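Examining the three-dimensional arrangement
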Amino acid sequence: MTIAHGLLPEGLRDRLPPQAEAASRLLHHVIVAINRHGYERVSPPLAEFEESLLGRLKSARKQDLLRFVDPVSQRSLALRPDITGQIGRIATTRLNHRPRPLRLAYGGTVMKLRATQLRPERELMQAGAELIGNDSVAGVIEILGMAVETLKIAGVEKISIDLTLPDLVEKLAETTLPIEASKRENLFTVLDAKDAGGLAELNATGYRPLLEAAGPFDQAIEKLQPMAEKLGFADRLKALKTIRDSLDESVHVTLDPTERHGFEYQTWIGFSLFGSGILGEIGRGGSYTIIHQDKREEQAVGFSLYIDPLVDSGLGQKKSRKLFLPLGHNPEQARDLRQQGWITIAALDEDDDPVIHQCTDILTSGEIKPL
Amino acid sequence: MTKPLVFAIPKGRILKEALPMLEAAGIIPESAFLDKESRLLRFKTNRPDVEIIRVRAFDVATFVAHGAAQMGIVGSDVIEEFSYPELYAPVDLNIGHCRLSIAEPKRLAQDDDPREWSHVRVATKYPHLTHRHFEARGVQAECIKLNGAMEIAPALGLAGRIVDLVSSGRTLEENGLVEVERIMPISARLVVNRAAFKMRAGDIAPLVENFRRLVGVADNVA
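Residues numbered from 1 in each chain as written. Chains lettered and ligands numbered in written order. Predicted model: local features only at pLDDT ≥ 70, side-chain atom pairs only at ≥ 80, totals over all residues. Heavy atoms only, no water.

As recorded in an unreviewed UniProt entry, chain B goes by the name ATP phosphoribosyltransferase, listed as coming from Zymomonas mobilis. What UniProt records for chain B under Function (unreviewed entry) is the sentence "Catalyzes the condensation of ATP and 5-phosphoribose 1-diphosphate to form N'-(5'-phosphoribosyl)-ATP (PR-ATP). Has a crucial role in the pathway because the rate of histidine biosynthesis seems to be controlled primarily by regulation of HisG enzymatic activity." What the UniProt record of chain B gives under Subcellular location (unreviewed entry) is the line "Cytoplasm". (UniProt positions renumbered as here; feature names shortened; annotations may be inferred.)

As annotated in an unreviewed UniProt entry, chain A carries the name ATP phosphoribosyltransferase regulatory subunit and is attributed to Zymomonas mobilis.

Right under this line is the structure:
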């Protein structure tokens, strides 16, 4: 069967004007904003050996990779589904000797194996920052504050942050709120879906207050406090409060103590970022563990933003004025005008028409005239 | 002004039981909602900030998962079939009880031992759920997706067995079928879109709380 001309594989697309421009503008703004906090950019490759892409992070999964055999080396390569893992590799190899904490920034394309019905793109633009060697409350405050600042610069209004405690349920299941090991996977699934009915079926109603607490930050903390004191996680709530207090008032904060969606490798804290008018998540992050070659573990915290939902919601576009340069214009004057920010379209022949090039102005005898 | 919350209600089985519950939770639909002749799909309620849509049960899950509706009521069968990661089911409403079961013709059941199955051909509205269930049991299931009237599939030779909702078991019996295995108990759940649950927590959390309280009261009486 022949492939229709122009058909792209599932989940891939061409970005056209003006979105292509908006995407690169947003990426640039984000990287610059992160860079101003002293995070230096690194740029790992699009594909790597499959094993090294998997190796560095705890609980990364093989089945999430788009893999192929390199015809040259005959070894399995994979396209990166996420840049965070590569940052971990850089931190434990080439930058292993640099003093900690290490502040690194990145931005580029990632490729998912599967598109979902809810997010049909397989190729996404990811940008973010990682603080390696420190996952303290102060580190989380720096990362989260930077995420908010960056989103504001990108033009996102009304930011919502959902704070989560990714390893809390697992810790409780092992200690103060025991659930037999064989039932734990089920428990996580039920809690992920906030399925109160499912909890009862698992005889795990002890976890119900955690489900019911999810909501606006202050109320959630209030509901959790008695349970936290009883089950020994009050210090975590205290840390969360310090983090909440560091965020500016305009940011809407919720707390969800059982959320684990996509936080499989996060440790004590995770967060999702939302923006009003944009469907779904626009970024996420949290603390995690990087594993060194000698099995030593190092703590880190970071955040990633996805540029595509921002572009799709219309951010990053700039209406610019286009100036038509007829034949015989002064090239030096045109260069000066471009330096002032004008976009110029130069006539290629006598019949060239400024209208088909969507020009807003025309240069006639050295003067700019609106069209 | 913020957009109104859209609440999705399924046509059919659950609707009758869901309505009183919705009213008790403080959402009373306009009268056109109850009018069977009405061709409207979107309805106002007593609250200016809440709208109702009436769609098929499977579509409730889809509307809510995509954030086109923020909340809804739907059976756990539908939730399990899609297993959308964006769908929360914070309250078991304790209505619309039934079970999802495997059934086969009486004749077949007489000398059939489900423990010996290695491959089955099943007609069902729930191909994913059915696959998952049989796979976990180590049985390969070939599912034929139907949208209704599963019960006639075995008699016409479309598939040997069916996976469907069973409440009293009367429909099965009338079609010469018997239940041979229960897959899971089903009840209706309040569902909420994940992103809306965070971003509009101020509007949604009190409603969820209302439903929770209603179910709690029902528990005490029972």
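So, about helix 1 (residues 19–35) of chain A. All names here are of chain A. Compared with the 24 Å implied by 1.5 Å per residue over 17 residues, the 24 Å span of helix 1 between its first and last C-alpha is a close match. A22, A23, L26, L27, V30, I31, A33 and I34 are the residues of helix 1 that are buried. Taken around the axis of helix 1, the buried residues stretch over an arc of 160°, which confines them to a single face. Those residues of helix 1 that are buried lie in contact with strand 1 (40–41), strand 5 (102–111), strand 6 (123–132), helix 4 (137–153), strand 12 (297–306) and helix 11 (307–312). (Helix = DSSP H or I, 4+ residues; strand = E, 2+ residues; numbered from the N terminus. Expected span 1.5 Å × (residues − 1). Buried < 20%, exposed > 50% of the residue type's maximum accessible area, 1.4 Å probe, protein only. Arc of directions from axis to C-beta. Contact = heavy atoms within 4.5 Å.)

So, on to the domain arrangement of chain A. By domain assignment, chain A separates into domain 1 (9–158 + 275–318), domain 2 (167–258) and domain 3 (322–370). For domain 2 of chain A versus domain 3 of chain A, the separation of C-alpha centres amounts to 62 Å. (Domains from an automatic or database assignment.)

Where interface size is quoted, it is often the accessible area lost as the parts come together. Residues and elements named next belong to chain B. Split into domains, chain B comes out as domain 1 (5–96 + 187–214) and domain 2 (98–185). Spacing between the C-alpha centres of domain 1 and domain 2 amounts to 29 Å. Domain 1 puts nine residues into the contact, and the matching count from domain 2 is 10 residues. In total, about 820 Å² of surface goes out of reach between domain 1 and domain 2, with carbon and sulfur atoms giving 50% of it. Scanning the region where domain 1 abuts domain 2 turns up one salt bridge. Here E80 and R132 are joined by a salt bridge, their closest N and O atoms 3.1 Å apart. Applying the counting criterion to the domain 1 and domain 2 interface returns five residue pairs in polar contact (both at pLDDT 80 or more). Of the residues forming the side of domain 1 that touches domain 2, the biggest block, four residues, is contributed by helix 3 (residues 76–82). (Buried area = accessible area lost by both parts, 1.4 Å probe. Salt bridge = Lys/Arg side-chain N within 4 Å of Asp/Glu carboxyl O. Polar contact = N/O pair within 3.5 Å; in protein donor to acceptor, adjacent residues only side chain to side chain.)

Here we take up the environment of G67 of chain B. Among the secondary structure elements, G67 of chain B is positioned in the loop between helix 2 (57–65) and strand 4 (71–75). A sequence separation of 144 residues divides G67 of chain B from F211 of chain B, and the C-alpha atoms of the two residues are 20 Å apart. Those residues in contact with G67 of chain B, other than ones at most four positions away along the chain, are L279 of chain A together with N193 of chain B.

The next subject is the interface of chain A and chain B. Counting residues at the interface gives 31 residues for chain A, matched by 23 residues for chain B. Taken together, both faces of the contact between chain A and chain B bury some 2100 Å²; the carbon and sulfur share is 56%. Ranking the residues of chain A by area buried against chain B places L118, K194 and F274 of chain A at the top, with a combined share of 26%. Run the count over chain A and chain B and you get eight salt bridges. Across the chain A-chain B interface, the total number found is 10 residue pairs in polar contact (both at pLDDT 80 or more). Of all the secondary structure elements, the ones that give two or more residues to the side of chain A that touches chain B are strand 7 (159–164), helix 7 (196–201), helix 8 (208–213), strand 9 (252–256) and strand 10 (266–275) of chain A. Looking at which element gives the most residues to the side of chain A that touches chain B, the answer is helix 7 of chain A, with four residues.

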